[in-house]
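# Analysis of the macromolecular model
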Protein chains: 2
Amino acid sequence: METTGQLFVLSAPSGAGKTTILKQVMANIPRLAFSVSHTTRFPRKGEVNGVDYHFVTKEQFATMRKKKQFLEWAEVHGNYYGTSRPAVLEQLQQGQDIVLDIDVQGAAIINKEKNIASISIFVAPPSLKELEKRLCGRGTDSTDSIKLRLENAKNEMAQAASYDYLVINDTLEDAVLTLQSVIIAERSRSHRTPEGKRFNSGYLQ
Amino acid sequence: METTGQLFVLSAPSGAGKTTILKQVMANIPRLAFSVSHTTRFPRKGEVNGVDYHFVTKEQFATMRKKKQFLEWAEVHGNYYGTSRPAVLEQLQQGQDIVLDIDVQGAAIINKEKNIASISIFVAPPSLKELEKRLCGRGTDSTDSIKLRLENAKNEMAQAASYDYLVINDTLEDAVLTLQSVIIAERSRSHRTPEGKRFNSGYLQ
């Protein structure tokens, strides 16, 4: 039987530190790739096509939607974002473990996919109060923007319990260790390891 | 709702390195206790009552059995070994995570317990050939003893796939990391974390 990759779905409220945690985890453990989304928005300075996003036109996006090539997609402020089904499937079939960084709505859609097993992880701040402190501390957001982010965070955190795992970003070090542990543990589930399959098949050398 | 401890059930063929791995993991991560078994065999040199085993008489053991105080028990070479149900339950109710180090038969019995959720982990050598090499390398076992251990290992490893997780002891470092990751990951399952319960209850501060 061929080894198949695992799909990890990661969500977090804005400001919870998901990107920083994920970067460290990907530096710590091997064989984990990031799934690159498609978007119709213009690249920001420094963003690379095929690395940060696949930048496509609205027409190209619409064609992909019609062909049902998105596992999930969303419209945010007039721009479209989507996760390519063939790209994800190809990576999984090659045995590549991948991480999808998507919002709560997208995660719920992927969770319902019958043909793709996924492991969902929610990254949360220890509390909304702490998130507020962090957002204010950055000094990059207006009071209105912080208020909106906190309102969104509240709604998103109410969905946290529907995820398989919860990573609390209290200290960065602990959060990295926890996310890393989830991936290592899921990889060592007995039915997923080559040894488990070998032991089970009665072929013992 | 009160936090309840988690029960980790650990099995391995003799010589797989389970004890060494477990000791390092318990040194690395907090709040993990070892469940002390009851036995009717005499203490060996250096063994401490209540630490290595609860040493009891055959009469005491028989009384506990009659009162159904064992989660599982076994007779090995004329001696009895058992896991005390009230001791395990008390620790779990206090929120203490515990590790049970038991054989494949005992693990199967605990797996069937309806009132106690457990997470089962099998520690295996990379192959029987490698196990043979290690057992011969120790120089402490006779050829017959090694042959018996390998025969037992083969039977035990055929059960590995029925465990939740499989830890392959290829290098000690990786095996410690994997076992540790399983425990950290299981602790961060969303329904088990205090934050998950708090987020879910609608109480967001």
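The structure we're discussing is the one just above.
Everything in this summary refers to the structure shown in the same document. (Residues numbered from 1 in each chain as written. Chains lettered and ligands numbered in written order. Predicted model: local features only at pLDDT ≥ 70, side-chain atom pairs only at ≥ 80, totals over all residues.)

### Brief notes about the interface of chain B and chain A
Chain B puts 34 residues into the contact, and the matching count from chain A is 34 residues. Those elements that provide at least two residues to the side of chain B that touches chain A are strand 8 (118–124), helix 5 (128–138), helix 6 (143–157), strand 9 (165–168), helix 7 (172–187) and helix 8 (194–200) of chain B. Considering each element in turn, the side of chain B that touches chain A owes the most residues, six residues, to helix 7 of chain B. Looking at the side of chain B that touches chain A residue by residue, the class counts come to 18 nonpolar, eleven polar and five charged. (Contact = placed C-beta atoms within 7 Å. Helix = DSSP H or I, 4+ residues; strand = E, 2+ residues; numbered from the N terminus. Nonpolar A, V, L, I, M, F, W, Y, C, P; charged D, E, K, R; others polar.)

### Looking at the environment of A153 of chain B
Looking at the element boundaries, A153 of chain B is found in helix 6. Along the backbone, A153 of chain B and N79 of chain B are 74 residues apart, and their C-alpha atoms lie at a distance of 21 Å.

### With respect to the sheet that holds strand 3 (residues 38–39) of chain B
Adjacent strands of a sheet pair through backbone hydrogen bonds, lying either parallel or antiparallel. Residues and elements named next belong to chain B. The four strands are arranged 4-3-6-5 in an open sheet whose pairing can be described as mixed. The sheet terminates laterally at strand 4 (54–55) and strand 5 (70–76), the two strands that pair on one side only. Where strand 5 meets strand 6 (residues 79–84), six bridges bridge the pair, whose relative direction is antiparallel. Bridge pairing in strand 6 places W73 opposite G82. This element, helix 3 (residues 85–93), spans strand 5 and strand 6 of the sheet and lies at about 30 degrees to strand 6. (Pairing = 2+ DSSP bridges. Axes fitted to C-alpha atoms, helices over the stretch in contact; angles between N-to-C directions.)

### Quick notes on the packing of helix 1 (residues 18–28) of chain A against helix 7 (residues 172–187) of chain A
Residue and element names in this part refer to chain A. The interhelical angle for the contact between helix 1 and helix 7, taken along N-to-C directions, is 55 degrees, at an axis separation of 9 Å. Our classification of the angle between helix 1 and helix 7 gives oblique. When you trace helix 1 past helix 7, the crossing you get is right-handed. Here T20, I21, Q24, V25 and N28 of helix 1 come into contact with helix 7, specifically with L172, A175, V176, L179, Q180 and I183. (Parallel < 35°, antiparallel > 145°, perpendicular 65-115°, else oblique. Left-handed = near helix turned anticlockwise from the far one by under 90°.)

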